[in-house]
Amino acid sequence: MAAKKMTFEQQIARLEEIVSALEQGDVQLADSLSLFEEGTKLIAACTKQLDQAEQQVVKLMKGPDGAPVRQPFETAEET
């Protein structure tokens, strides 16, 4: 599957499938290498999407002077 045609959630699900298959250890070497390559491409695509999302959040959280204000995200445990 091409990473560009998948949503972020689909990419994560595919990564989980790949990790599971590799952890089982019953995949042939050539197939393992192919899965590993696919996984690294998916990781790169997910990382890029997360970086873009972070930049969008920073833009939305600009201070009064227009400069980005970095604030930590609150987790459910902190509230």
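Residues numbered from 1 in each chain as written. Predicted model: local features only at pLDDT ≥ 70, side-chain atom pairs only at ≥ 80, totals over all residues. Heavy atoms only, no water.

### Examining the environment of Ile-12
Right, on to step 1. For Ile-12, the position within the fold is in helix H1 (residues 8-24).
Right, on to step 2. Take Ile-12: its relative accessible area is 30%, and that puts it in the partly exposed class.
Right, on to step 3. When the C-alpha atoms of Ile-12 and Gly-39 are compared, they prove to be 9.7 Å apart, with 27 residues separating the residues in sequence. (Helix = DSSP H or I, 4+ residues; strand = E, 2+ residues; numbered from the N terminus. Buried < 20%, exposed > 50% of the residue type's maximum accessible area, 1.4 Å probe, protein only.)

### Digging into helix H2 (residues 29-60)
Right, on to step 1. With 32 residues, H2 should reach 46 Å at 1.5 Å per residue; the first-to-last C-alpha distance of 46 Å fits that figure.
Right, on to step 2. Ser-32, Leu-35, Glu-38, Gly-39, Leu-42, Ala-45, Cys-46 and Val-58 are the residues of H2 that are buried.
Right, on to step 3. Looking at the buried side of H2, the elements it contacts are H1. (Expected span 1.5 Å × (residues − 1). Contact = heavy atoms within 4.5 Å.)

### Re the packing of H1 against H2
The description of two helices packed together rests on the angle between their axes and the distance between the axes.
Right, on to step 1. Two elements in contact, H1 and H2, have axes whose closest approach is 9 Å; the angle formed by their N-to-C orientations is 150°. Judged on the interaxial angle alone, H2 and H1 are roughly antiparallel. Our pair here, H1 against H2, has a crossing hand that is left-handed. Touching Phe-8, Gln-11, Ile-12, Arg-14, Leu-15, Ile-18, Ala-21 and Leu-22 of H1 are Ser-32, Leu-35, Glu-38, Gly-39, Leu-42, Ile-43, Ala-45, Cys-46, Gln-49 and Leu-50, all from H2.
Right, on to step 2. Residues that form the contact of H1 with H2 fall into these classes: twelve nonpolar, four polar and two charged. (Axes fitted to C-alpha atoms, helices over the stretch in contact; angles between N-to-C directions. Parallel < 35°, antiparallel > 145°, perpendicular 65-115°, else oblique. Left-handed = near helix turned anticlockwise from the far one by under 90°. Nonpolar A, V, L, I, M, F, W, Y, C, P; charged D, E, K, R; others polar.)

### As for H1
Right, on to step 1. Between its terminal C-alpha atoms H1 stretches 25 Å, which fits the 24 Å expected from 17 residues at 1.5 Å a residue.
Right, on to step 2. Elements that come into contact with the buried residues of H1 comprise H2.
Right, on to step 3. Gly-25 occupies a position one or two residues after H1 and carries a positive phi of about 75°.

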